[in-house]
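As a plain string of letters, each chain reads:
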Amino acid sequence: MTNSRHTVLYTGVTSDLQSRMYQHLHQSYPNSFTHRYKVYKLVYYNFFSGIEEAISEEKRIKGGSRIKKIALIDELNLSWDDLYEKEVKLW
(Lines give C-alpha, C1' and ligand atoms only; values in the text may rest on other atoms or scores of the structure.)
Protein backbone atom coordinates (compact mmCIF):
# COMPACT_ATOMS: atom_id res chain seq x y z
CA MET A 1 0.00 0.00 0.00
CA THR A 2 1.04 3.59 -0.48
CA ASN A 3 -0.13 7.14 0.08
CA SER A 4 -1.47 9.51 -2.59
CA ARG A 5 2.00 10.83 -3.48
CA HIS A 6 3.63 7.36 -3.46
CA THR A 7 6.22 8.47 -0.91
CA VAL A 8 5.35 5.88 1.76
CA LEU A 9 5.22 2.12 1.25
CA TYR A 10 3.50 -0.31 3.63
CA THR A 11 3.64 -4.10 3.52
CA GLY A 12 1.29 -6.34 5.47
CA VAL A 13 -0.31 -9.76 5.49
CA THR A 14 -3.96 -10.74 5.98
CA SER A 15 -6.26 -13.69 5.44
CA ASP A 16 -9.10 -11.38 4.33
CA LEU A 17 -7.97 -8.59 2.00
CA GLN A 18 -11.41 -7.02 1.56
CA SER A 19 -12.01 -6.71 5.30
CA ARG A 20 -8.50 -5.45 5.97
CA MET A 21 -8.81 -2.79 3.28
CA TYR A 22 -12.15 -1.72 4.74
CA GLN A 23 -10.43 -1.28 8.12
CA HIS A 24 -7.67 0.82 6.56
CA LEU A 25 -10.04 2.98 4.52
CA HIS A 26 -12.42 3.58 7.44
CA GLN A 27 -9.57 4.28 9.86
CA SER A 28 -10.55 1.54 12.29
CA TYR A 29 -7.17 1.86 14.02
CA PRO A 30 -6.41 5.58 14.48
CA ASN A 31 -2.94 4.93 15.94
CA SER A 32 -1.82 2.67 13.09
CA PHE A 33 1.02 3.33 10.64
CA THR A 34 -1.39 3.46 7.70
CA HIS A 35 -3.59 6.05 9.38
CA ARG A 36 -0.67 8.18 10.57
CA TYR A 37 0.91 8.28 7.09
CA LYS A 38 -2.37 8.29 5.10
CA VAL A 39 -1.56 5.00 3.37
CA TYR A 40 -4.85 3.98 1.75
CA LYS A 41 -3.97 2.97 -1.82
CA LEU A 42 -3.51 -0.73 -2.63
CA VAL A 43 -0.92 -0.98 -5.40
CA TYR A 44 0.21 -4.61 -5.05
CA TYR A 45 -1.18 -7.84 -3.65
CA ASN A 46 -0.51 -11.54 -3.95
CA PHE A 47 -2.24 -14.70 -2.77
CA PHE A 48 -0.64 -17.72 -1.12
CA SER A 49 -1.91 -21.18 -0.28
CA GLY A 50 -0.70 -21.00 3.32
CA ILE A 51 -0.08 -18.36 5.99
CA GLU A 52 3.54 -19.45 6.49
CA GLU A 53 4.32 -18.78 2.84
CA ALA A 54 2.55 -15.39 3.02
CA ILE A 55 4.47 -14.34 6.15
CA SER A 56 7.76 -15.44 4.59
CA GLU A 57 7.06 -13.30 1.50
CA GLU A 58 6.02 -10.35 3.68
CA LYS A 59 9.35 -10.56 5.54
CA ARG A 60 11.27 -10.83 2.26
CA ILE A 61 9.53 -7.74 0.86
CA LYS A 62 9.94 -5.75 4.08
CA GLY A 63 13.64 -6.63 4.16
CA GLY A 64 14.20 -5.45 0.60
CA SER A 65 15.18 -2.02 -0.58
CA ARG A 66 12.73 0.63 -1.73
CA ILE A 67 14.00 0.10 -5.29
CA LYS A 68 13.09 -3.61 -5.11
CA LYS A 69 9.63 -2.78 -3.72
CA ILE A 70 9.01 -0.30 -6.53
CA ALA A 71 10.14 -2.87 -9.12
CA LEU A 72 7.74 -5.43 -7.62
CA ILE A 73 4.84 -2.97 -7.83
CA ASP A 74 5.79 -1.88 -11.36
CA GLU A 75 5.81 -5.52 -12.50
CA LEU A 76 2.14 -5.91 -11.56
CA ASN A 77 0.82 -2.36 -11.68
CA LEU A 78 2.98 0.01 -13.74
CA SER A 79 0.59 2.96 -13.39
CA TRP A 80 0.18 2.41 -9.62
CA ASP A 81 -3.62 2.29 -9.89
CA ASP A 82 -5.62 1.65 -6.73
CA LEU A 83 -6.19 -2.09 -7.07
CA TYR A 84 -8.74 -2.12 -4.27
CA GLU A 85 -11.03 0.20 -6.22
CA LYS A 86 -10.23 -1.48 -9.54
CA GLU A 87 -10.30 -5.18 -8.56
CA VAL A 88 -10.61 -6.26 -4.94
CA LYS A 89 -13.70 -4.24 -4.04
CA LEU A 90 -15.57 -5.97 -6.89
CA TRP A 91 -15.13 -9.50 -5.51
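Up top you'll find the structure we're talking about.
Analysis parameters
Residues numbered from 1 in each chain as written. Predicted model: local features only at pLDDT ≥ 70, side-chain atom pairs only at ≥ 80, totals over all residues. Heavy atoms only, no water. 1 Å grid on protein atoms, 1.4 Å probe; cavity = no way out; pocket = protein on both sides within 12 Å on 5 of 7 lines; lining within 4 Å. Points joined across faces, edges and corners; volume = space filled by probe spheres on them. Helix = DSSP H or I, 4+ residues; strand = E, 2+ residues; numbered from the N terminus. Salt bridge = Lys/Arg side-chain N within 4 Å of Asp/Glu carboxyl O. Buried < 20%, exposed > 50% of the residue type's maximum accessible area, 1.4 Å probe, protein only. Polar contact = N/O pair within 3.5 Å; in protein donor to acceptor, adjacent residues only side chain to side chain. Core = buried A, V, L, I, M, F, W, Y, C linked by side-chain atoms within 4.5 Å. Contact = heavy atoms within 4.5 Å. Nonpolar A, V, L, I, M, F, W, Y, C, P; charged D, E, K, R; others polar.

1. Quick look at empty space enclosed by the protein
Counted by the stated rule, this structure contains 1 cavity of 30 Å³ or more. In this structure, the largest cavity spans a volume of roughly 50 Å³. Around the largest cavity, the lining residues are Arg 20, Gln 23, His 24, Gln 27, Ser 28, Tyr 29, Ser 32, Thr 34 and His 35. Sorting the residues of the lining of the largest cavity by element identifies α1 (17-25) and α2 (33-36) as the ones contributing at least two each. By residue number, the principal contributor to the lining of the largest cavity is α1, which donates 3 residues.

2. Focus on the pattern of salt bridges
Side-chain pairs of opposite charge can arise whenever the charged atoms involved come near each other. Summed over all chains, the structure comprises 4 salt bridges. Between Lys 89 and Glu 85 there is a salt bridge, with its nearest N and O atoms 3.4 Å apart.

3. Things to note about the environment of Asn 46
Considering the arrangement of structural elements, one finds Asn 46 in the loop between α2 and α3 (51-63). Judged by its relative accessible area of 42%, Asn 46 falls in the partly exposed class. Placed 14 residues apart in sequence, Asn 46 and Ser 32 show a C-alpha to C-alpha distance of 22 Å. Reaching out from Asn 46, the side chain makes a polar contact with the side chain of Tyr 44 at a distance of 3.4 Å.

4. Quick look at the nonpolar core
In terms of nonpolar packing, the biggest core is built from 10 residues, these being Met 1, Val 8, Leu 17, Met 21, Val 39, Leu 42, Tyr 45, Leu 83, Tyr 84 and Val 88. Looking at this core, the elements with two or more residues in it are α1 and α5 (83-86). Not counting the four nearest positions on each side in its chain, Tyr 84 is found in contact with Gln 18, Met 21, Leu 25, Leu 42 and Lys 89.

5. Considerations on the layout of surface pockets
Each pocket or cavity is described by its volume, and for the largest pocket that value is around 680 Å³. If you go around the largest pocket, you meet 30 residues; those closest to its centre are Gly 12, Val 13, Thr 14, Tyr 45 and Asn 46. A total of 5 residues in the lining of the largest pocket trace back to one element, the largest contributor, which is α3. For the lining of the largest pocket, the per-class residue count stands at 17 nonpolar, 8 polar and 5 charged.

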